[in-house]
Every structure is written in C-alpha cells, then in structure tokens.
Amino acid sequence: MPDPRFKVLTSASTSGPGDAGRTGSWRVERPVIDMSSCIPAKTGKHACHLCWLLCPDNVVSKEIEPAIDLEYCKGCGICAQECPVQAISMVPDADFLEGADSE
Amino acid sequence: MSNPIIESGNVAAAMAVQLARAEVIAAYPITPQTPVTEKLSELIAAGKMDAEYVAVESEHSAMAVCIGAASAGVRAFTATSSNGLLYMSEQLHWAAGARLPIVMCVVNRAIGAPWSVWNDHQDAISQRDTGWIQIFAKDHQEIVDMTLKAFRLAELVHIPVMVNYDGYYLSHTYMPFEPPDAEHVDAFLPAYTYKHALTPERPESLNTVTLPDARLDVDGIKRGGYMDIRHNLHEEMGKSIEVWEEIDQEFQALFGRGGHPVIDPYRCDDADVVIVAMGSMANQFRVVVDRLRQNDGLKVGILALQMYRPFPSAIIAEALQSARHVMVYEKGLSYGNQGALYGDIKSALYPYPARPRLHNFIAGLGGRAIPTESLYQTMKTACEQDLQTPSAQADAPQWIGLQL
Amino acid sequence: MQSATEQIIQIRWHGRGGQGAITAAKVVAEAAFRSGYGGVVMAPTFGTERRGAPVTTSLKISHSKIYDLSPITTPDIVVVLDHMILHEVDVTAGLKPGGWIILNTPRPVEKHLFPGYRTAVADVTRLGVEAGLRKGIVNTGIIGALGRASGLIDIEALADNIAVEFAGRKPDANAMAARLVYDATLMFDNMGGSTDA
C-alpha cells in the first residue's frame, strides 16, 4: 500500500461516457442505427449488442433499441464497422444542423 | 542471521529478487545482465520461486509486460543493460507516469556506437529524466539490500526504481555477502496491493488520452490533467528521499546493515578535498583516500552517492559545506557539456553560502581500466595544482586514461 | 591507517576457456574466507571468453574487506593450469619479484626456471587421473599445488571446499586430486635458494 503521505496521482478513472471529457465535440460523422435491421431491435431480444460492447467511450446503451449518447459519441465509427448486419451508418454531422438541406 | 556466501553480483541480485517474491519476471538477455535473468529462470523452473517468467522478444516488451503485471497488482521485475535499457526508454517514461512500482536492475554498461560490452554509467545517466528513482550499489551486499529496499520504496511511493550496479566490476565479480533470511524479508516487504489493480469486476481506464486541463470524471470527481499528474510525480519523487531513509532504518533494525542510504561518506569529516563518485569506483577511492592521507598528508575524503534520482541536492550541498575542493569522478557525461553528476552537484551548491571549487573527471568509459594508481596520481596532481587552475579550465571535464 | 592494497594477496589464474579456472579460484576464495580471510574478491576476465583460448581470473585475498575491484596487475602468485599456455602468454607479466609460479606440467621443475621467481610444479593432469577424474580435469588438482607452495590455506580446508563445490560431480575424487598434488608438488626457488621436496 502506498505511504499515506503520497497522493499517487494517475490518470485512472471509472470507464464511462465523459471519461475523456466532452468528446461529442470531436465528432464529424454520427452513427445512425436502422432499427429494422438491428438484431435486438428486430428480434426484440437481448442479443448481439456488439456496438455496446465495443464502443470505446461506453456511449451505446444495452437496450432492445440501442441508444447513442451524442453528448459523448466522438464519431469513431467502430460500431458501424463492427455491426454484423450493417445496421449502423455514419452520417455527416453537418446534415443534422438546423437549416441543413434534407431530402 | 544467515551465513555469508561467495557469489557473483548477478547472482546476488537474483537472490534478492527471489527473496522479494517477485511474481512476474520479464526480461531479454544482454551482456552483462544475462546471468541475473538466467538465474531467475532457473529458480522458477526448479520450483524454488513462484513466479511467471515471460520470455519476450525485446526490452521494450519486457518493460511492457512489467507495466501490465504491475497494473494488475502483481510484483514485477526486469533487468537490462546498455542499449537494452535505451530500447525500453519509451516504456520507462510510461511506467513512471503511470506510477507503477516496478523494480529493475541495470547492470551498467557503455552504450554503442561503437559497440562495447564493458562498464560505464552512460546507460543509466541517459535515462535520468524518465521519472525513475535511480540508486547505485557499490558492492554485492548493497546489491542484495538495495534491491530488497527498492521493492519497498517503489511500493510505498509508487514510483519505479532502477537499481544500478557496475557491469563486470560487480556483476561478474565474486565476493562474500550475507543473504537476508526469508522470514525477515517477508516481515520487511509485505505483499504488493494496488488500488487500481485491473479486474473485470471494476473496469477502469488507465492512462488514456489525458487532456491538458483538469476535468470532472464520470463520477463527478475532479481529475488532474497531464501537467497536474506530472507535477505530482516530481513532488513525490523529491519526497521519496525521506521515505528511502525511513526504509533504511527499518531495514537496519531487522538486518543490522545500512545507515547510509543516500550518501556514504568515508573520512569526509575533516576533509579539505572531497571526492564524489557513484558505484564501485567510490569504494575503490577509499584505498586512494587512505594513501593520500598516509603518504601525502592530504586531508581527502570520498563521498559515495547512493541515490542519483531524485537528486538529494540539499543533503549533498550540506555534506560539502566544509570542503574547499570537490572532485567529481564519473563514468558518464552530458555530451557537449560536462559530467552529468558534476552539473547536478554544481547546481545543488548554488543556493548555499559555501561553494567549494569544483573539478570534473571522466573515467572508465567503455571499460577503459581505472588503475588505482592513476586515481591516486590524478588526485595528487589535482590537489597540488588546483589553486593555480583558472576556474573556466577547472570547470571543463578532465579525461583520465586517454590513450590517443 | 595502512593502505589496504599492501595487505592484499593477489593471485592470477591462467587457464583456457572451459578449463575451470573460475571454479578453482572460487573454491580457493571460499576456503580462504572460511579460514578467516574476511576479504576475498574473485573476478574473471572482463568481457568475452572463448572455449580453448587463454583466459585469466583474478583472486584477491585479504584479512579485511577489499574495496579495490580493479583487475590484478601485479600478482604475488600466478597459477598456470596448462604448461602449453607458457608458449602463448607471458604469465610473469607484472609478477612481483620472488613471486610464485604454480604450474601444471609433466616436465621436471628444472625445465621451468623463471629467473627472479619461485616455481612450484606438479603433473596435475596425471594425478587427476590417479585420483579418479577424467583426463584433463586439472582445476581441482592444481589447488593442491597452490596450497602447498603458498602456505596460505590449509590443505584440509581446500579439500573440504572442493568437495562442497563439486557436490554431485565426483566430490571425493576432486578433493583427492588436490591432496595428491599437494604431496607431489616440487618447488624451486630461483632467487638463489634450494628446492624443497
């Protein structure tokens, strides 16, 4: 055990959204889930959840319809790469700005 | 107490690591370190040591394995020399920044190019700014005792410790020493526990991208940014000197040896001229000091420096307050400037009222012999001439034993 | 305070890589230490050694702790494990006047006269075989000649330490080799003295 006179400051913290700051501001593209293909959403069962497991910032919820916390999602695209049914697409964030052209 | 035995310095180090019950050894062989890790692998293979020996493909990986082991709350050890130490340099900084209590023996050897397997201190000196604690042993007993104390220190202050001893002069030389008994070592060195030890039950992020500014973590606790963490490392390295002294007292109470954990002065009390050196050369100077006093009536002493980082500036400066001349002999330097130790001592003396005249000698690079006779002669000459030497000239390092 | 260097007995061993000079020096170091010499330091050649090539090992013995670990340059005694080394190396280099040359040779002592030095010879190779060792094992036998000529350490202490060091590797034969050599060693004082057999 460390000597009580020593603080031993390290960069060690509970993993979770926000652990590395407000990483949502880093994002260029955001993940959008097509719930008609997503395995848990389609089957109504807790299955797959690979996006939840592999998200480096823990911003994907482990729900029947997975939700992404955009406050902290940095847009890395790992979830889209790993989704076994290609239900997640990366869409330019600019498209969601108010006044952006929509189809 | 156990009986003294006669063995090599490398075996002495391995025995200490065995007694310390290190749990993971990861090392890559390099002369003159190789026999340490060979001995440890034999001990593990023979079931005399309950540890995992991880054979790695490089020193970089050796340190990476130790970092992983220490992060999982396991006592880790490695050893290396020379270019091997440099190859793990990036990981050395990492281990210190992550505050992992790894202990490493560095069997000091010159750095290539040109290739050399022989002794000097440039390997350790080149890594002085990594944030590792660096201590230097002068004989086999100190190798054993310092290695055991290094584990205790590392785990109390959570800073990795490098135990340095001279290649060949100590590593391959046999002399008597007393191995401490296991029961007392267990009392002295409790098991290592780490509050951030990796476990699936309590996942944590360790040393991920850490922003310039402090921040609130997911639990709303304020966490330091990079600079705060590094400032703490610096502050607590400085405070480690005191802990090292306390550990030495505990060790002395249990084993009856110690008393000079930071500096080890010999005949310095009334000395006009104090020699400063690290490692086995400091012991060699005891013979030179005796001769200078006996034959030449010169009041000379030798101050062995046992701890190089953190640099014990105040302790050294105070020890040199009554000296008129200080002769710093070293086996490494900051190229283009001066001896690294010399520069440190000069800067340590700056805030103090008495600033003795300083002289710098570079000796024994790449195993160039350091005959005791030549140390005696250079000291004698320096003592006779020093007042006449202009200070700018005296400040430049003098190289001993050049052959070209 | 007397200078420590003057009280140190310096023994330089000349052998070939793989011949066991280091082990022999270690046995003598142990025996010296157990016999009351508080300071013993044994150092092989710093650097690289090659099987079959001439190598040296240094042994320093003193009543007090030895602080000077620099290699031996002015030995009091040189121990030569194989007389053929005399053709390759000047074993007397730095040897103090009147110093001992302890030599394994099948030839008579008169063939190995070194002016200004003392010589002790024995056919250690033959005596090793007589003691039950494989031909060519000479590192334990020659310890007997060193003990006889130098008078530094009692032969029983030497033989005991040989048996300990060689536990599991013919300890009795190795110790016997040293005893046989001790008895058979012939000494010649080429300082103008006489032989002692």
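Read on for a plain summary of the structure. (Residues numbered from 1 in each chain as written. Chains lettered and ligands numbered in written order. Predicted model: local features only at pLDDT ≥ 70, side-chain atom pairs only at ≥ 80, totals over all residues. Heavy atoms only, no water.)

Comments concerning the overall build of chain A
Looking only at helices and strands, one finds three helices and three strands in chain A. Taken against the 2.2 N^0.38 rule, which gives 13 Å for 103 residues, the C-alpha radius of gyration of chain A at 17 Å runs more than 25% over that of a compact globule. With the principal axes as the frame, chain A shows a C-alpha extent of 60 × 35 × 20 Å. Expressed as a percentage of contacts within chain A between residues at least 6 apart in sequence, the contacts between residues at least 24 apart total 63%. As displayed, chain A offers around 6,100 Å² of accessible surface, 53% of which is attributable to carbon and sulfur atoms. On chain A, the mean spot of the 9 positive side-chain charges and the mean spot of the 15 negative ones are 10 Å from each other. (Helix = DSSP H or I, 4+ residues; strand = E, 2+ residues; numbered from the N terminus. Rg over C-alpha atoms; globule rule 2.2 N^0.38 Å. Contact = heavy atoms within 4.5 Å. Areas by Shrake-Rupley, 256 points an atom, 1.4 Å probe, with all protein chains shown as cover. Lys, Arg positive; Asp, Glu negative; His and termini not counted. Charge placed at Lys NZ, Arg CZ, Asp CG, Glu CD.)

As for the interface of chain A and chain B
On the side of chain B, 31 residues touch chain A, which itself brings 20 residues to the contact. Of the roughly 2,400 Å² buried between chain A and chain B on both sides combined, carbon and sulfur atoms contribute 51%. A per-residue breakdown of the area chain A buries against chain B is headed by F6(A), L9(A) and S11(A), which together make up 27% of the total. Summed over the shared surface of chain A and chain B, the result is twelve residue pairs in polar contact (both at pLDDT 80 or more). A class-by-class count of the residues in the side of chain A that touches chain B yields eight nonpolar, eight polar and four charged. Pairing geometry for strand β1 (residues 12–14) of chain A and strand β9 (residues 204–206) of chain B, over three bridges, is antiparallel. Bridge pairing in β9(B) places S13(A) opposite S205(B). (Buried area = accessible area lost by both parts, 1.4 Å probe. Polar contact = N/O pair within 3.5 Å; in protein donor to acceptor, adjacent residues only side chain to side chain. Nonpolar A, V, L, I, M, F, W, Y, C, P; charged D, E, K, R; others polar. Pairing = 2+ DSSP bridges.)

What to know about the packing of aromatic side chains
Residues and elements named next belong to chain B. Here the structure, examined in full by the defined rule, presents nine aromatic pairs over all chains. Measuring from centroid to centroid gives 6.4 Å for F77 and F151, while their planes differ by 40°, and the two rings are tilted. A residue pair is termed long-range when its members are at least 10 positions apart, and F77 in strand β4 (residues 76–80) and F151 in helix α7 (residues 140–157) qualify at 74 residues. Like F77, the residue F151 is buried in the burial classification. Here Y329 and F361 contribute two aromatic rings whose centre-to-centre distance is 4.4 Å and whose plane-to-plane angle is 15°, an arrangement assigned as stacked. Taken together, the residues Y329 in strand β16 (residues 325–330) and F361 in strand β17 (residues 357–362) connect sequence positions 32 residues apart. By relative accessible area, Y329 is classed as buried at 0%. Owing to a relative accessible area of 1%, F361 belongs among the buried residues under this scheme. Members of the aromatic cluster, connected to one another through ring pairs, are F136, Y308 and F311. (Phe/Tyr/Trp six-rings, centres within 6.5 Å; stacked < 30°, edge-to-face > 60°. Buried < 20%, exposed > 50% of the residue type's maximum accessible area, 1.4 Å probe, protein only.)

Looking at the sheet that holds strand β12 (residues 263–266) of chain B
Residues and elements named next belong to chain B. The strand order across the open sheet formed by six strands is β12-β14-β13-β16-β17-β18, and the pairing between neighbours is mixed. Looking at the sheet topology across the chains shown, the edges are occupied by β12 and β18 (398–399). Examined bridge by bridge, β17 and β18 share two bridges and lie parallel to one another. Each residue of the ladder has a partner; that of F361, found in β18, is Q398. Across the face of the sheet, helix α13 (residues 372–385) comes into contact with β13 (273–277), β14 (300–305), β16 and β17 while running at roughly 150° to β16. (Axes fitted to C-alpha atoms, helices over the stretch in contact; angles between N-to-C directions.)

Quick word on unusual backbone geometry
Residues G112(B) and A113(B) are joined by a peptide bond in cis, for which omega reads 10°. The topology assignment puts A113(B) in the loop between β5 (103–108) and α6 (122–126). For R267(B), which is not glycine, the phi torsion reads 55° and is therefore positive. With respect to the element layout, R267(B) can be found in the loop between β12 and β13. A positive phi angle is found at K170(C), which is not glycine, with a value near 50°. Positionally, K170(C) belongs in the loop between α4 (155–165) and α5 (171–184). Since its relative accessible area comes to 47%, K170(C) is described here as partly exposed.

Remarks on the pairing of strand β1 (residues 9–16) of chain C
Residues and elements named next belong to chain C. Among the eight residues in β1, seven count as buried, and that is most of the element. Two strands pair when backbone bridges link them, and β1 and strand β3 (residues 54–62) are joined in this way by eight bridges, in the antiparallel orientation. Bridge pairing in β3 links H14 to T56. The pairing of β1 with strand β4 (residues 77–80) spans four bridges and is parallel. When the sheet's bridge partners are listed, H14 is paired in β4 with V80.

Overview of the interface of chain C and chain B
Residue-level contacts link 23 residues of chain C with 27 residues of chain B. Of the roughly 2,300 Å² buried between chain C and chain B on both sides combined, carbon and sulfur atoms contribute 65%. Remark: the boundary between chain C and chain B carries two salt bridges. E7(B) is the salt-bridge partner of K26(C), the closest N and O atoms lying 3.6 Å from each other. Where chain C meets chain B, there are seven residue pairs in polar contact (both at pLDDT 80 or more). Put simply, the parts of the chain that give the side of chain C that touches chain B at least two residues each are α1 (21–34) and β2 (39–44) of chain C. (Salt bridge = Lys/Arg side-chain N within 4 Å of Asp/Glu carboxyl O.)

Some points on the packing of helix α1 (residues 9–19) of chain B against α7(B)
Residues and elements named next belong to chain B. Two elements in contact, α1 and α7, have axes separated by 8 Å at closest approach and are oriented at 25°. In this view, α1 runs roughly parallel relative to α7, as classed from their interaxial angle. Of the two elements, α1 crosses α7, and the hand of that crossing is right-handed. Each of G9, A12, A13, A16, V17 and L19 in α1 lies in contact with α7, whose residues at this interface are H140, I143, V144, T147 and L148. A breakdown of the residues in the contact of α1 with α7 according to their chemical character gives eight nonpolar, three polar and no charged. (Parallel < 35°, antiparallel > 145°, perpendicular 65-115°, else oblique. Left-handed = near helix turned anticlockwise from the far one by under 90°.)

Things to note about the arrangement of the chains
With two pairs of chains in contact overall, the contact-richest pair is chains A and B. The two units chain A and chain C never meet; even their closest C-alpha atoms stay 36 Å apart.

Regarding helix α12 (residues 340–349) of chain B
The buried fraction of α12(B) amounts to seven of the ten residues, a majority that puts the element mostly inside the structure. When we look at burial in α12(B), the residues that qualify are A340(B), L341(B), Y342(B), D344(B), I345(B), A348(B) and L349(B).

Regarding the sheet that holds β4(B)
Each strand in a sheet pairs with its neighbour through backbone hydrogen bonds, running either in the same direction (parallel) or in the opposite one (antiparallel). All names here are of chain B. Strand order in the open sheet formed by seven strands is β3-β2-β4-β5-β7-β6-β15, and the pairing between neighbours is mixed. Each of the sheet's edge strands pairs with one partner strand only, and the pair in question is β3 (52–55) and β15 (307–309). Across this sheet, the average inter-strand angle for adjacent strands is 20°, counted without regard to direction. Direction of pairing for β4 relative to β5: parallel, over a ladder of four bridges. For A79, the partnering residue across the bridge sits in β5 and is C105.

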